[in-house]
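# Structure assessment
For reference, the chains in residue letters:
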Protein chains: 2
Amino acid sequence: METQEITVREHILQTATRLFHDQGYNLTGINQIIDEAGVAKASLYYHFPSKEDLCEAYLHRRNNLWFEGLLSYLKEVEDPRQRIIKTFDYRAIHLKKNHWGGCSHIKIISEMPQRGEKIDRAVLLQKEKQRKFFLELTEQAEENKKKAATLAETIFLLFDGGTVQCQVYRDAAPLQAAKRAVVSLLSELK
Amino acid sequence: METQEITVREHILQTATRLFHDQGYNLTGINQIIDEAGVAKASLYYHFPSKEDLCEAYLHRRNNLWFEGLLSYLKEVEDPRQRIIKTFDYRAIHLKKNHWGGCSHIKIISEMPQRGEKIDRAVLLQKEKQRKFFLELTEQAEENKKKAATLAETIFLLFDGGTVQCQVYRDAAPLQAAKRAVVSLLSELK
DNA sequence: GTCTATATTGTGATAGAC
DNA sequence: GTCTATCACAATATAGAC
């Protein structure tokens, strides 16, 4: 039976994930990560060949954790419209818990204008996963595929707009407004 | 009569504005700014006491230029609904011209999680100016003040959502989708 | 007001012992 | 696999001459 101990690699990734999100990627140095993780610099570079590789792992981690938390939050919600609406509640709860630091993936885009392929793929992967999530739900609520697609796009725009404005204002109000707009849109369906 | 020559201060600010937006604030060093502006380091610090002061001037500059360009673009558009809709067109044109680098103010928020008061004020100033712009137009198109306020908020969310997604995808499609959603919302008014 | 030269600290990354 | 020690370079900012 394997030990339950946290591996060094995992410890580094957890520390980096916290610091990258709270302080920003460019403002977090390798030195601070190894200090707070309590490991040697060479240990970090053994597990992650470069800071960008560590960033990539950080983005995948955040993506997975967010979706796991969302599905858990929606566990007992079956109606597709309610699942969409409650996703906005979850988003607000999640952002507040992370001190209104915003979406890790959107932030990385702003921090790395000339991002490499690895980072680009990680960000687009998350965005497409979110887009698909909304699309599948609108298709359950609206038979007309074209209408469902348009609706999903609008919801996704309100979702990201609310996310960014909550980061700016450090308050849940924008996502609540976005939620009300979505409720209104969904109530128009026959 | 004063000389038309560009002052050193203005030259520094122009260079910094270009670099901050294209490369990011944290990835642009003072050294690169003075190199490309062709001035000495002490000259920069004479006009701008710190990099953060230069950042503040950069944000105000971007804010003013964007609004001047918008009002010029809307010069011959009188109908409030059309002014709202064409603002989305202008946004897409402006973002494309800036190589899909996104909104300077939203980006700074992501680059400086623990931003100082000066930066915070500059960002909120721009956001409130945009919010007020949309609100005044919806109040012209809809007499019910409460409905107009809700509509303006939704439009603003679609505006920022489209802006951020255009930055992610480096494409105008999200803002076009946002525009279609706004057209739909405005057509529902009596 | 603009310059050169420098101070101090931090960056990402690597070599080589164990 | 993890460590210590160190590399080469870039960061923001300042002192003092002119």
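Per chain, the residues get numbers from 1 upward, laid out in the order the sequence is written. Just so you know, chain letters begin at A and ligand numbers begin at 1, following the order they were written in. Selection of residues for local features in this predicted model requires a pLDDT of at least 70, selection of side-chain atom pairs for listing and counting requires 80 or more, and totals for whole chains, interfaces and linings are taken over all residues. As a convention, hydrogens and water are excluded, and side-chain values are obtained from all of the structure's heavy atoms.

## Remarks on helix α2 (residues 30-37) of chain A
Residue and element names in this part refer to chain A. Type-normalised accessible area, obtained with a 1.4 Å probe on protein chains alone, sets the label of each residue: buried when under 20%, exposed when over 50%, and partly exposed for intermediate values. Helix numbering and strand numbering both begin at the N terminus, where a helix is a DSSP run of H or I of at least 4 residues and a strand a DSSP run of E of at least 2. Within α2, burial applies to I30, I33, I34 and A37. Down the axis, α2 shows its buried residues gathered within 90° of arc, on one side only. Phi turns positive one or two residues past the end of α2, at G38, with a value near 70°. The directions considered for the arc run from the helix axis to the C-beta atoms.

## A few points about unusual backbone geometry
Residues and elements named next belong to chain A. Of note in this structure, W100 is not a glycine but carries a positive phi near 55°. Checked against the element boundaries, W100 lands in the loop between α5 (80-97) and α6 (104-111). At R170, a residue that is not glycine, the phi angle is positive and equals roughly 50°. Among the secondary structure elements, R170 is positioned in the loop between α8 (145-169) and α9 (173-187). Judged by its relative accessible area of 37%, R170 is partly exposed.

## A look at the side chain of T15 of chain A
Here T15 of chain A shows up in helix α1 (residues 8-23). The class of T15 of chain A is buried, set by a relative accessible area of 4%.

## A few points about the interface of chain A and chain B
Throughout, a residue-residue contact means that at least one pair of heavy atoms, one from each residue, lies within 4.5 Å. Between chain A and chain B, the contact holds 39 residues from the first and 39 residues from the second. Both faces considered, chain A and chain B share a buried interface measuring about 3,200 Å² in area, 58% of it formed by carbon and sulfur atoms. In the analysis that follows, any N or O atom pair within 3.5 Å is treated as a polar contact, provided that within protein one partner can donate a hydrogen and the other can accept it, and provided that, for residues neighboring in sequence, both atoms belong to side chains. Linking chain A with chain B are 14 residue pairs in polar contact (both at pLDDT 80 or more). For the side of chain A that touches chain B, the leading source of residues is α8 of chain A, giving 13 residues. Under the scheme applied here, ten amino acids are nonpolar (Ala, Val, Leu, Ile, Met, Phe, Trp, Tyr, Cys and Pro), four are charged (Asp, Glu, Lys and Arg), and all others, including Gly, are polar. Its residues placed into classes, the side of chain A that touches chain B shows 16 nonpolar, 10 polar and 13 charged. Once two parts are brought into contact, the accessible area they lose, counted with a 1.4 Å probe and summed over both, makes up the buried area.

## As for the relation of the copies chain A and chain B
Overlay of chain A on chain B (RMSD 0.0 Å): rotation 180°, translation along the axis 0.0 Å. Considering both components of the superposition, the chain copies are consistent with a two-fold axis. Relative to the rotation axis, the C-alpha of G161 of chain A is the closest in chain A, positioned 1.8 Å from it. Same-surface contact between copies: 100% of interface residues of chain A are shared with the interface of chain B. Alignment of the copies relies on least squares applied to C-alpha atoms, considering only residues that score at least 70 for pLDDT in both.

## Considering the nonpolar core
Of all hydrophobic cores here, the largest spans 64 residues; its most connected members are F88, F134 and L158 of chain A together with F88, F134 and L158 of chain B. When sequence neighbours within four positions are dropped, the list of residues in contact with F88 of chain B reads F134, I155, L158, F159, L175, A178, K179 and V182 of chain B. Put simply, buried Ala, Val, Leu, Ile, Met, Phe, Trp, Tyr and Cys residues joined by side-chain atoms within 4.5 Å make one nonpolar core. Counting 31 residues, the second largest nonpolar core, distinct from the first, contains F20, I109, A122 and V164 of chain A.

## Some words on the packing of aromatic side chains
Note on aromatic pairs: each is described by the distance of the centres and the angle between the planes. All names here are of chain A. Under the pairing criterion, centres of Phe, Tyr and Trp rings, with the six-membered ring standing for Trp, must be within 6.5 Å; the plane angle then separates stacked pairs below 30 degrees from edge-to-face pairs above 60, leaving the rest tilted. Evaluation of the coordinates by the stated rule reveals 26 aromatic pairs over all chains. Ring geometry for F67 against F133: centres 6.1 Å apart, planes inclined by 75°, an arrangement best described as edge-to-face. Here the residue F67 occupies a position in helix α4 (residues 51-73), and F133 occupies one in helix α7 (residues 117-141), the gap between them amounting to 66 residues. Neither F67 nor F133 differs from the other in exposure class; each is buried.

## Some thoughts on the protein's contact with DNA strand C
I30, K41 and K51 of chain A together with A42 and H47 of chain B are the nearest of the 16 residues found near DNA strand C. The sugar-phosphate backbone supplies 57% of the atoms of DNA strand C found within 4 Å of the protein. Contacts to DNA strand C include I30 of chain A, whose backbone N or O atom sits 2.5 Å from a phosphate oxygen. N31 of chain A is positioned such that a nitrogen or oxygen atom in its side chain is 3.1 Å from a phosphate oxygen of DNA strand C. Secondary structure elements with two or more residues in the surface near DNA strand C: α2 and α3 (41-47) of chain A together with α3 (41-47) of chain B. Here the surface near DNA strand C gets 4 residues from one element, more than from any other, and that element is α3 of chain B. Here the residues of the surface near DNA strand C sort into 8 nonpolar, 6 polar and 2 charged. Consider each residue's heavy atoms; a residue with any of them within 4 Å of a molecule or strand counts as near.

## Some words on the domain arrangement of chain A
Quite often, the size of an interface is put as the accessible area lost when its parts meet. All names here are of chain A. Here chain A is partitioned into domain 1 (1-49) and domain 2 (51-187). Its C-alpha centre places domain 1 at a distance of 26 Å from the equivalent point of domain 2. Contacts between the two partners involve 18 residues from domain 1 and, on the opposite side, 18 residues from domain 2. Taken together, both faces of the contact between domain 1 and domain 2 bury some 1,600 Å²; the carbon and sulfur share is 62%. Basic side-chain nitrogens of Lys or Arg form a salt bridge, by our definition, when they fall within 4 Å of a carboxyl oxygen of Asp or Glu. Here domain 1 is connected to domain 2 by 1 salt bridge. A salt bridge links R61 to E10; the nearest nitrogen and oxygen atoms lie 3.0 Å apart. The source of the domain bounds is an automatic or database domain assignment.

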